[in-house]
Number of protein chains: 2
Amino acid sequence: MKFDDKVPIYYQIKNHLYHEMMTGTLEPGDKLPAVRQLAVDLTVNVNTVQRALGEMITEGTIESQRGKGNFVTMDKNRITQLKEQLIVEQLERVYNELHALNLTDEQIISSLKTYIAGRGQQHD
Amino acid sequence: MKFDDKVPIYYQIKNHLYHEMMTGTLEPGDKLPAVRQLAVDLTVNVNTVQRALGEMITEGTIESQRGKGNFVTMDKNRITQLKEQLIVEQLERVYNELHALNLTDEQIISSLKTYIAGRGQQHD
DNA sequence: CCTAGTGTTATATTTTACTATTACACTATA
DNA sequence: TATAGTGTAATAGTAAAATATAACACTAGG
């Protein structure tokens, strides 16, 4: 996996796992790959994986069973809440950034539309 | 100023100064506050300010005159280009993030509209 | 010429993230 | 009960960012 060197790796791992939970790659109750395997997959150290998992365990999004593995919480409500939260955080960030660049609400929306429309030209 | 501890301060300072250039707080040819003054204003060390400025000088967005001060480039074209670049980066980021959360193009646009509409309730 | 204001650079120190390595604790199963 | 697979934790070392502090280089004005 490629990491942004401007942001802590453990933080990006959390985000990576969140996304897998949000998109259904990891479903409620699913067992995560073993920490040592995750470390290999992500080419990072076990302790770094553990740091990410530790925070997620504290938050309650995953549950740890010593000797068995780490499991996605069965609480689907928590997952949908988390997804909503991640979306709002993203929207908040663009809005604030573009607003700070003096764009009006209308300009923010239309620039996003234009960006998405223009994307079709070169991608996917 | 409040910094996000997940991202290098010098990097956030660059961004801060960019915004001032984009919004007209700093106009082409304007003299920036003295580095020691900036350090006080931002409550960081002079070397940290210097690191941010150093990169901007290399990029050509500000010009340094030893003994005189640092000045915003007179090249207005560069500034408008930079603004466009910052906007696209933001749009790219939200789009990629929300797309990764399985939202369709339409859902991305409508969620932004909803967010902006809902903002009026509690803010500004 | 001197001094105050400016940018620039260097050294040493602290803190944080990350790594490497090892050990320990628990579970399942052959 | 031994062993392999799992999570957990501790130690030591490295690197990057930021700090404190000091010195150097240039400019302008008295």
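Because the structure is predicted, anything quoted here is derived from the model rather than measured. (Residues numbered from 1 in each chain as written. Chains lettered and ligands numbered in written order. Predicted model: local features only at pLDDT ≥ 70, side-chain atom pairs only at ≥ 80, totals over all residues. Heavy atoms only, no water.)

Novice: Talk me through the nonpolar core; I want residue IDs and the actual numbers.
Specialist: Counting residues in hydrophobic clusters, the biggest one holds 68 residues, and the most contacted among them are Met21 and Leu98 of chain A together with Met21 and Leu98 of chain B. Every residue in contact with Met21 of chain B, bar those within four places of it in the chain, is listed here: Leu26, Met56, Thr61, Ile62, Val72 and Ile79 of chain B. (Core = buried A, V, L, I, M, F, W, Y, C linked by side-chain atoms within 4.5 Å. Buried < 20%, exposed > 50% of the residue type's maximum accessible area, 1.4 Å probe, protein only. Contact = heavy atoms within 4.5 Å.)

Novice: Give a description of empty space enclosed by the protein that names residues and reports values.
Specialist: Enumeration over the complete set of coordinates arrives at one cavity of 30 Å³ or more. Taken as a whole, the largest cavity spans an internal volume of roughly 30 Å³. Lining the largest cavity are Leu91, Val94, Leu98, Ile108 and Leu112 of chain A together with Leu91, Val94 and Leu112 of chain B. Elements that contribute at least two residues to the lining of the largest cavity include exactly α4 (76–100) and α5 (105–122) of chain A together with α4 (76–100) of chain B. Counting residues per element, the lining of the largest cavity draws most heavily on α4 of chain A, which supplies three residues. Tallied by class, residues from the lining of the largest cavity come to eight nonpolar, no polar and no charged. (1 Å grid on protein atoms, 1.4 Å probe; cavity = no way out; pocket = protein on both sides within 12 Å on 5 of 7 lines; lining within 4 Å. Points joined across faces, edges and corners; volume = space filled by probe spheres on them. Helix = DSSP H or I, 4+ residues; strand = E, 2+ residues; numbered from the N terminus. Nonpolar A, V, L, I, M, F, W, Y, C, P; charged D, E, K, R; others polar.)

Novice: Quick one: what's the story with the interface of chain A and chain B, residue by residue and with numbers?
Specialist: With 36 residues of chain A at the contact, the number on the chain B side is 36 residues. Of the roughly 3500 Å² buried where chain A meets chain B, counting both sides, 73% is carbon and sulfur surface. One can count zero salt bridges joining chain A with chain B. On inspection of chain A and its partner chain B, the count reaches six residue pairs in polar contact (both at pLDDT 80 or more). Those elements giving two or more residues to the side of chain A that touches chain B turn out to be α1 (9–23), α4 and α5 of chain A. The element contributing the most residues to the side of chain A that touches chain B is α4 of chain A, with 14 residues. (Buried area = accessible area lost by both parts, 1.4 Å probe. Salt bridge = Lys/Arg side-chain N within 4 Å of Asp/Glu carboxyl O. Polar contact = N/O pair within 3.5 Å; in protein donor to acceptor, adjacent residues only side chain to side chain.)

Novice: Could you give me a rundown of the pairing of strand β1 (residues 62–65) of chain A, with the residues and numbers involved?
Specialist: Residue and element names in this part refer to chain A. Looking at chain direction, β1 and strand β2 (residues 69–72) are connected through four bridges and run antiparallel. Across the sheet, the residue bridging to Ile62 is Val72, located in β2. If you look at the hairpin formed by β1 and β2, you'll find three residues sitting between the two strands, and Gly67 has a positive phi there, around 85 degrees. (Pairing = 2+ DSSP bridges.)

Novice: Break down the protein's contact with DNA strand D for me, with residues and values.
Specialist: Arg36, Gln50 and Ser64 of chain A together with Ile9 and Thr48 of chain B are the nearest of the 25 residues found near DNA strand D. Sugar plus phosphate: this is where 68% of the atoms of DNA strand D within 4 Å of the protein reside. Between a base nitrogen of DNA strand D and a main-chain N or O atom of Gly67 of chain A, the distance comes to 3.2 Å. Contact between DNA strand D and Asn45 of chain B: a phosphate oxygen at 2.9 Å from a main-chain N or O atom of the residue. (Near = heavy atom within 4 Å.)

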